[in-house]
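Coordinate analysis (summary)
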Amino acid sequence: MPSYKAPVKDMSFVLNEVLNLSQYSHLPGYDEATPDLISAILEEGAKLCENELAPLNLSGDQEGCHRAEDGSVTTPKGFKEAYAKYTEGGWPGLTENPDFGGQGMPHTLGFCLEEMMVSSNMAFAMYPGLTAGARAAINIDGTDEQKQTYLPKMISGEWTGTMNLTEPHCGTDLGMLRTKAEPNDDGSYAISGTKIFISAGEHDMADNIIHLVLARLPDAPKGVKGISLFIVPKFNLNEDGSVGEKNGVSCGSIEEKMGIHGNSTCVMNYDNAKGFLLGEPHKGLRSMFIMMNAARIGVAVQGYGLSEVAYQNAVEYAKDRIQGRALTGPKMPEKAADSIIVHPDVRRNLMNARSFNEAARAAAMWCALLVDVSHNEPDEEKRQWADDIVGLLTPVMKGVFTDRGFEYCASSQQVFGGHGYISEWGMEQFVRDARITQIYEGANGIQALDLVGRKLPANGGRGIQAFFSYVGKFLSANKENEKLADFVKPLSKALTDLQTATMWLVQNGMANPDNAGAASTPYMHLFGHVLLGFQWAQIAKIATEQLDAGTSDPTFYENKLITGRYYMNRRMPETAALLGELQTGAEDVMALDAANF
């Protein structure tokens, strides 16, 4: 059975030393986020995840969810009780608006909890994860009445939420959706249609489920400009806000899928269900992106969260499993063989995962910090800068972190050899669960297209220029620091590759859009290397300073430098190959006639 230990120490290091949250005490919630409080929250979150959620991961995968004839869904054994403990601890409201019962803590702490939950039990984590996206849309686009009606219960965890976007005939191309919204005399709408792939669409853990559903009004223009968003509760509400009669929404079936079996991924049928317009008519796409952007960052966390737990189990196995002798001679002569962690290729698999996990964690927490800055910073220019960077990094993190997360789940499985293919070890579940992260909330090819087609040219390229400037200032400030040469030089080379690739896209993408399409995924991964390398350079600076100052824990900081150097030496050179790939253009990609595939 797999195990999990929350990386609390590394999370505290990123929050307190890399990001130095204390310098943001002028932002709401940050004034209370002292190192002591951060430590207490992380430790309590770790207990929940290690003791309550992780033990249910394997059994939840094996049992799955059950749908009854009346359309109700029962979650795996133990999930309902674990969810009760999750809500009793106040965890759903950790980063939410205090006006509606939340605790208003920094989003960085929310990301830490989200990672722990994903690593311990991803299928379970998706229930509150979908609720967070729905809450965000209501909080931004809802009327005062809608906020007062839904947010307190969703923040307490008494009610959960979903996102209903996809239909059987359309996924990414939402302009084709057919779900209808007919006006009722009382100002509500009758929602009719079918949605598929709805995560947490029906379950037994909460008193009500608040579905956010994309649909078309009778007078809606064609395409994406005719989409509206509606609040459709599972149970209609009485005048006093309590749960009333069942609404016209039901689970038609549970999708049979590759992984995340403990999450009820449903076909949802709406039959004249009562719904309420959220936001403006025909402006549902804007509201949808509020949900999607929050969800995409959350999926990026899933990428490295699963890689982290897979890595932890691979390390434990590699230390215990004895097989063969080290190439340089026996390391455990008293035994029949050496533990397999002595073998370079096993270490390569482990170091690839470790060096990614730690940098990805730092990058995601930085992005979470910028989310708070973009919302709450008094200085308008700083708010805009943060918003530009978050918008730019969202598709990079979603695409790269989930691609790498799946890769490193698989390579950690490889460490187990044949045992990695056997269910009881849990490794094959991590691989199956990780695979969906590359697909949902916008497949990674769509993330790459979003990056090159929307995010790069947005506001005249303001975001990418801000990123180049920010990394460039760090490099200029540290170029003479010989202790950081192993980090500054590879990062400088990679940044130049990214700038060259960006200019190539500007020059060739507009002339032939297929060039941009063919280059998009290599460009996204090139960008990802620069983002992760930048995190390692900043981490190395802090580690070096701590060692020079005579830290009481030199091993921790020395290991940071060792792991970071591995990434800079072994992974960062890939930027040159990615640049060469994208510069070949679209000709070879598009040359073969469709009939000849």
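Before reading on, note that the structure itself is shown above.
In this text the structure is predicted, and so the values were computed from the model without any measurement. (Residues numbered from 1 in each chain as written. Predicted model: local features only at pLDDT ≥ 70, side-chain atom pairs only at ≥ 80, totals over all residues. Heavy atoms only, no water.)

**Overview of the overall build of the chain**
Within the chain, the regular secondary structure consists of 17 helices and eleven strands. Taken over the C-alpha atoms alone, the chain extends approximately 80 × 60 × 60 Å along its principal axes. Across the chain, every contact between residues at least 6 apart in sequence was considered, and the portion connecting residues at least 24 apart equals 73%. Carbon and sulfur atoms make up 51% of the accessible area of the chain, which totals about 24,800 Å². Where the 51 positive side-chain charges of the chain centre and where its 74 negative ones centre are 5 Å apart. (Helix = DSSP H or I, 4+ residues; strand = E, 2+ residues; numbered from the N terminus. Contact = heavy atoms within 4.5 Å. Areas by Shrake-Rupley, 256 points an atom, 1.4 Å probe, with all protein chains shown as cover. Lys, Arg positive; Asp, Glu negative; His and termini not counted. Charge placed at Lys NZ, Arg CZ, Asp CG, Glu CD.)

**Describing the environment of Leu15**
Inspection of the secondary structure puts Leu15 in helix α1 (residues 8-18). The exposure class of Leu15 is buried, given its relative accessible area of 0%. Considered as a pair, Leu15 and Trp366 are 351 residues apart in the sequence and their alpha carbons are 8.8 Å apart. Filtering out sequence-adjacent residues up to four positions away, Leu15 remains in contact with Asn20, Leu21, Ile38, Leu42, Thr108, Leu109, Cys112 and Met365. (Buried < 20%, exposed > 50% of the residue type's maximum accessible area, 1.4 Å probe, protein only.)

**So, the side chain of Asn515**
With respect to the secondary-structure elements, Asn515 resides in helix α14 (residues 513-549). For Asn515, a relative accessible area of 12% gives the class buried. If we ignore the near neighbours within four places in the chain, the residues touching Asn515 are Trp504, Asn508, Gly509, Gly585 and Ala586.

**Some details on the packing of helix α9 (residues 380-415) against α14**
The interhelical angle for the contact between α9 and α14, taken along N-to-C directions, is 95°, at an axis separation of 9 Å. Taken as axis vectors, α9 and α14 run roughly perpendicular relative to one another. Across from Leu392, Leu393, Pro395, Val396, Met397, Gly399, Val400, Phe401, Asp403 and Arg404 in α9, the residues of α14 making contact are Met524, His525, Phe527, Gly528, Leu531 and Leu532. Of the residues in the contact of α9 with α14, the class split is eleven nonpolar, three polar and two charged. (Axes fitted to C-alpha atoms, helices over the stretch in contact; angles between N-to-C directions. Parallel < 35°, antiparallel > 145°, perpendicular 65-115°, else oblique. Nonpolar A, V, L, I, M, F, W, Y, C, P; charged D, E, K, R; others polar.)

**Digging into the nonpolar core**
Phe401, Phe467, Tyr523 and Phe527 are the most contacted members of the largest nonpolar core, which has 185 residues in total. Look past the residues within four positions of Phe467 in its chain and what remains in contact with it is Trp366, Ile389, Leu392, Leu393, Leu498, Phe527, Val530 and Leu531. (Core = buried A, V, L, I, M, F, W, Y, C linked by side-chain atoms within 4.5 Å.)

**Remarks on the packing of helix α5 (residues 107-141) against helix α8 (residues 344-376)**
A pair of packed helices is captured by two measures, namely the crossing angle of their axes and the spacing between those axes. With their axes 8 Å apart at the nearest point, α5 and α8 run at an angle of 140° to one another. It follows that α5 is oblique to α8 by the angle criterion. Helix-helix and strand crossings are classified by hand; for α5 and α8 the assignment is right-handed. Each of His107, Thr108, Phe111, Cys112 and Glu115 in α5 lies in contact with α8, whose residues at this interface are Arg361, Ala364, Met365, Ala368, Leu369, Val371 and Asp372. Its residues assigned to classes, the contact of α5 with α8 shows seven nonpolar, two polar and three charged. (Left-handed = near helix turned anticlockwise from the far one by under 90°.)

**Comments concerning the state of the cysteines**
Covalent bonding between the sulfur atoms of two cysteines is what defines a disulfide. Counting across every chain of the model gives zero disulfides. In this structure Cys266 is not part of a disulfide, and its nearest cysteine sulfur, from Cys251, lies 3.7 Å away. (Disulfide = S-S within 2.5 Å.)

**A short note on unusual backbone geometry**
A positive phi is found at Phe197, a non-glycine position, where the angle reads about 60°. Mapped onto the fold, Phe197 is located in strand β5 (residues 189-198). A positive phi angle is found at His282, which is not glycine, with a value near 65°. Its location among the elements puts His282 in the loop between β11 (266-278) and α7 (284-320).

**Concerning α5**
The α-helix winds at 3.6 residues per turn, so residues separated by three or four positions along the chain end up facing the same way. The first and last C-alpha atoms of α5 sit only 20 Å apart over 35 residues, clearly below the 51 Å expected at 1.5 Å per residue. Along its length, α5 shows its largest kink, about 135°, at Asn121. (Expected span 1.5 Å × (residues − 1). Bend = angle between axes of the 7 residues up to and from the residue.)

**Focus: helix α2 (residues 35-53)**
With 19 residues, α2 should cover 27 Å at 1.5 Å per step; its first-to-last C-alpha distance of 26 Å lies within 8% of that length. Within α2, burial applies to Ile38, Ile41, Leu42, Gly45, Ala46, Leu48, Cys49, Glu50 and Leu53. The elements touched by buried residues of α2 are α1, α3 (57-63), α4 (79-88) and α5.

**Let's talk about the pattern of salt bridges**
Per the stated rule, a full pass over the model turns up 29 salt bridges. Here Lys560 ties to Asp10 by a salt bridge, and the two come within 2.3 Å at their closest N and O atoms. Note that Lys560 is positioned in helix α15 (residues 554-571) and Asp10 in helix α1, a separation of 550 residues in sequence. Take Lys560 and Asp10: they sit in the same class, and that class is buried. Between Arg404 and Glu407 there is a salt bridge, with its nearest N and O atoms 2.6 Å apart. Taken together, the residues span about one helical turn, with Arg404 and Glu407 both in helix α9 at a distance of three residues. Taking relative accessible area as the criterion, Glu407 reaches 30% and is therefore assigned partly exposed. Connected via shared salt-bridge partners are Asp10, Glu115, Glu308, Arg354, Glu358, Arg361 and Lys560. (Salt bridge = Lys/Arg side-chain N within 4 Å of Asp/Glu carboxyl O.)

From the geometry alone we can't say anything about function, so treat these as descriptive.
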